[in-house]
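Geometric and topological summary
Below are the chains, spelled out letter by letter.
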Amino acid sequence: MARMSFLSFLLFCLTSVAHSNKANKHKPWIETEYQGIVMENDNTVLLNPPLFALDKDAPLHYAGEICGFRVHNGPGGSGSAQFEAVVLDRSTGEGLVRSKEPLDCESQKEHSFTIQAYDCGEGPDGTNNKKSHKATVHVRVNDVNEFSPVFVERRYEASVPEGRLFDRIVRVEAVDADCSPQYSQICFYDIITPNVPFTIDNDGNIKNTEPLDSKRQRVHSFWVTAFDCGKNRAQADAQVIVTVKPSCKPGWIGWTKRIEYTPGSGSIPLFPNLHLEACEETVWNIQATVELQTGHIGKGCDRDSYSDRSVRRLCGAVRGEVDLLPPPSPATNWTAALPTLPSSDSSLVFSFNGSTHVAVVPDSVASAVSGDHFTLQLWMRRGGASTQPPANQARGTRKEEETIICSTVKNDDSYSHYSLSVHGCRLSLFYWPDVSAARPVKFLWKLEQVCDSEWHHLSLSVQFPSVTLYVDGVTFDPALIHDNGAIPNPAPHQRLVIGACWEPEEKPRDIVNNTMPESKETGKFVSGYKGLLSGVTVRPGNVEPHSVVECLYACREGLDFGDLETLGSGMKVHVNPSQSVLVLEGDDIESFNRAVQQVTYRNSLRFATPGVRPLKLTTSLRCFSEESCLSLRQLEGYLVVLQPDAPQISLSGVGPHLARPAAEFEGPQGVPLFPELRIVCSLSHAVNTAAQGMEGGALMSDAVAHTLDGCEVQPLGEELNPEREELLIDMESLKERGLDIINTTAYIAITGAESISVYEDVLRSIHYRLAKGSARFERRFRLSCSEMNGRYTSNELTLEVNFLHSLDSLYHPSHLLASQQQFLHPSHHTGELSGHTLPNPHRNSVVPGAATVIIMVCVGFLVVMVILGVFRIRSIHRRGDGARGGDKEGSNQWDDSALTIIVNPMETYENRMGIATDMEGECDDEEEVVDSPGDSSDDQRIIIKKEGRDSAPRRY
């Protein structure tokens, strides 16, 4: 019984052990964090501590064994994609982490991920397996020296002055792509070219070992290499070039004294190769002033070469201005006594001497510019080319007040007065709203432009009590002075004076509203202006916009800066309004040199004014050591604007002859003179044909769009007789297009800047009209055009106008035609001649009796001439003594020096009735007409004229 109990207990224990082997009660255990290292050329990760997974169920089979590890992605994104963990021993739980593919330290130096161990569960199928907690694994990729150093530049250049030892001439630099400090750092450099006077340190700094001599060797070239700390040599060596400069002389290097500018080139750099050499002097401020002198070009610079009126129109100024200093003419004679000076821009410049040179504008013109809203514009230049003051004037008269314009005009029932004066370097405007009641208001400006003896443009816009002054397009605010002391009120008489102010003599007053009695006013001109004036205009009404004022003054040439975006830090650029002075300021020499090379000259005119523009460069340096600071001399040169390609203005489309019946000229509209006129403007310029496979060069002519500023139609020979003939033109069309016209008996001039097409339309509309019965045989006209204020002119187109007459109009004076209409039977004949196109009317025959009478009269005239010749020969015989045989022989010849026979093939016979009654009177006239008998289709009219009756053609 006891034996049976022991066996039962043993069986129970074995059964319990068997059941306990199958139970998986515990999770595997691993460390919470591991540090790993892996080489770039290996995939095994060495972990610290080693990877072991423990299970408390050991040594049970399955439950106490580690079947594997799982890798999860960590914060860095690495994990299952790049790493894996394998079990080396299931019973001990030893594991191994390795990378699935080679790692690159240069791409990623560190990786982080998590790992988890799991046991084998309760059987071979892994049922009820247990997982450990997740442990963090940090893996660092160790670098391998796989890259060689590479130089940043393949070539290094430097320039040094001769005769000195330098701590550093140039620095070379190489980089290594390895990720670790050990292999990525450059440990040392080496010069591999032997026998050179240079050395290099471990930082790449190259210096000379002996003073360099530019005469012995100007350029040194050698090669250097680099080694990293893994002793890898540079992949490619670098070249170093050191240029030895001669002994340093501080100043500007690369200055070109002569600079040429071809019109149409736009902007060109003035100093493309200029740079400043400071010779190692430490400079903290540099200032350079570039000055372009254009005062001798027109009015201070190159502008549009059009008249002031045309420029105003091109700038969009409001019309209605009144020219107070117009060119002298019968209609504008108040400027005839003023001396004028030549101007390169073809404008009219008047000179004032401060005493006798005064222009008094007529009241009819002055009354047109009344009111307290007006714009006064003018060009002025103090002193200069004006005449010398009288000898009785003391020196220093420039400090006395000089009046430019003095105006008293009537406004309704009152008079207003203003005067614009200069006093030293001050410009003042006195304004009386009412000379009989109000006190004057004085506007004062202190301006350097008033006393620098240069041309300046003034625009004064008055909207009382507001006054705006523009000088050279720049606005200046005035200082108001209301208390002007005891200033006598101007006389209430309308008067506008240029160049002085009128001061009447004191007379007994009839105190009636403070007015003078009506009598001839006497006085004198005071406060005379000494200088030059041009383009003085006044426009009543609203003031001009600022944009218009800027356009009127705008220079088409000047200094400019190429690209402000490339301006270095610390650099400043300033250009004056006239663009004649440009100032550069900076603190770094290299940036300053780059800025100087960006200074340009521009000229936007297609036909720039040729000539020389002096150029100056003034430099000032400020150094830390003021005692040893450099002093640079002023550089002087000149800019030469070459002669532009002259435009060729060609007038064509009009034949040399215009033949029409006289009746058409006597019509209400007359006959157009230039109905098919064509104006073409072209530029002839040289073209390089070598690039096209041709030898030499050629002249090409390009048609371009131009703006004409004047055309003139002039009758040749006698001037137009207003009672007999006139030239007609559409005045409304001219006014709409802003063109001006001067219509005299000597010429018609159309002026104003406009396109070629507009001038073609205007000239085609010119008609020539004759009064009834005033038809001549011919009249010649000459047409010419110009642009740029007469700078370029066209060819002269001459047109001969022929009037086609019928014979009845020839043989009957105009005052008898009306009474003889009953005898006339008009006929028309068709004839086509070279250069003429005649109408094609019906043709009738001529009355035979009239032809017979004409022949008889002409034969009688010839008989009289023969008798006169015989009489002359006999008188010569009586006068001679036999020794003058040669003279007698010559005297027997017919003397026809006073006769001219002109055959006019353009006329044919028409039916003539009642001509015989007037033939005797016609034979006594200066012109004799003879009809040749025969076929009327071949009829010709023979006109006999006496020489000397027509005056010689006059030139205009």
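Residues numbered from 1 in each chain as written. Predicted model: local features only at pLDDT ≥ 70, side-chain atom pairs only at ≥ 80, totals over all residues. Heavy atoms only, no water.

Things to note about the sheet that holds strand 2 (residues 44-48)
Read across the sheet, seven strands follow the order 3-6-7-1-2-5-4 without closing on themselves; strand pairing throughout is mixed. Bordering the open sheet on either side are strand 3 (66-73) and strand 4 (83-89), each of which pairs with just one other strand. For this sheet the average axis-to-axis angle between neighbouring strands, irrespective of direction, equals 35°. Direction of pairing for strand 1 (residues 33-39) relative to strand 7 (residues 135-142): parallel, over a ladder of seven bridges. Following the sheet pairing, E33 is matched in strand 7 by T136. (Pairing = 2+ DSSP bridges. Helix = DSSP H or I, 4+ residues; strand = E, 2+ residues; numbered from the N terminus. Axes fitted to C-alpha atoms, helices over the stretch in contact; angles between N-to-C directions.)

As for a nonpolar patch on the surface
Side chains of I855, V859, V863 and I867 sit close together on the surface and give an oily, nonpolar patch of about 330 Å² of accessible area. Examined against the element boundaries, V859 turns out to sit in helix 12 (residues 848-879). You can call V859 partly exposed: its relative accessible area is 45%. (Patch = residues over 30% accessible without salt bridge, like charges linked within 9 Å, V, L, I, M, F, W, Y side chains within 5 Å. Areas by Shrake-Rupley, 256 points an atom, 1.4 Å probe, with all protein chains shown as cover. Salt bridge = Lys/Arg side-chain N within 4 Å of Asp/Glu carboxyl O. Buried < 20%, exposed > 50% of the residue type's maximum accessible area, 1.4 Å probe, protein only.)

A short note on the environment of S91
With respect to the helices and strands, S91 occurs in the loop between strand 4 and strand 5 (94-99). Distance from S91 to Y62, taken between C-alpha atoms, is 9.1 Å for residues 29 residues apart in sequence. Looking at S91, its side chain comes within polar contact range of the side chain of D89, at 2.8 Å. (Polar contact = N/O pair within 3.5 Å; in protein donor to acceptor, adjacent residues only side chain to side chain.)

Quick word on the pairing of strand 6 (residues 110-119)
By the criterion of burial, strand 6 is predominantly enclosed, with nine of the ten residues buried. Two elements, strand 6 and strand 7, share six bridges in a ladder whose sense is antiparallel. If you follow H111 over to strand 7, its bridge partner there is V139.

Observations regarding helix 5 (residues 546-553)
Helical geometry note: an α-helix holds 3.6 residues per turn, so side chains three or four residues apart project in the same direction. Where helix 5 is concerned, the buried positions are V548, V549, L552 and Y553. Viewed along the axis of helix 5, the buried residues span an arc of 130°, placing them on a single side of the element. (Arc of directions from axis to C-beta.)

A closer look at the state of the cysteines
Using the criterion set out here, one finds six disulfides in the structure. In this model C187 forms its disulfide with C229; the gap between the sulfur atoms is 1.9 Å. Of note, the bridge from C187 to C229 carries an S-S torsion of about 110° and is right-handed in sense. Taken together, the residues C187 in strand 12 (residues 186-191) and C229 in the loop between strand 15 (219-228) and strand 16 (238-245) connect sequence positions 42 residues apart. Residue C187 is classed as partly exposed on the basis of its relative accessible area, which comes to 30%. (Disulfide = S-S within 2.5 Å.)

Description of the packing of aromatic side chains
A full pass over the atoms with the stated rule returns 15 aromatic pairs. For the ring pair F198 and F222, a centre distance of 4.9 Å and an interplane angle of 25° mean the geometry is stacked. Of this pair, F198 sits in strand 13 (residues 198-200) while F222 sits in strand 15, placing them 24 residues apart in sequence. Its relative accessible area of 6% is what places F198 among the buried residues. What makes F222 buried here is its relative accessible area of 0%. In this arrangement the basic side chain of R70 is found over the ring face of Y118, its NZ or CZ atom lying 4.2 Å from the centre. (Phe/Tyr/Trp six-rings, centres within 6.5 Å; stacked < 30°, edge-to-face > 60°. Lys NZ or Arg CZ within 6 Å of the ring centre and 35° of its normal.)

Structural notes on the nonpolar core
Ranked by size, the top nonpolar core spans 41 residues in total, and within it L324 and L533 carry the most contacts. It is strand 26 (residues 373-382) that contributes the most residues to this core, four residues altogether. Excluding residues that lie within four positions of it along the chain, L324 makes contacts with W334, T335, V361, V365, I405, L496, I498, V536, T537 and V538. A662, Y759, V762 and L763 belong to the second largest nonpolar core, which has 37 residues in total. (Core = buried A, V, L, I, M, F, W, Y, C linked by side-chain atoms within 4.5 Å. Contact = heavy atoms within 4.5 Å.)

Considering the sheet that holds strand 14 (residues 205-208)
Taken together, three strands build an open sheet; the order of strands is 10-14-13 and the sheet is antiparallel. If you trace the sheet from one side to the other, it starts and ends with strand 10 (170-171) and strand 13, each paired once. Here strand 10 pairs with strand 14 via two bridges, running antiparallel. Residue R171 lies in a different strand from strand 14, and its bridge partner there is N205.

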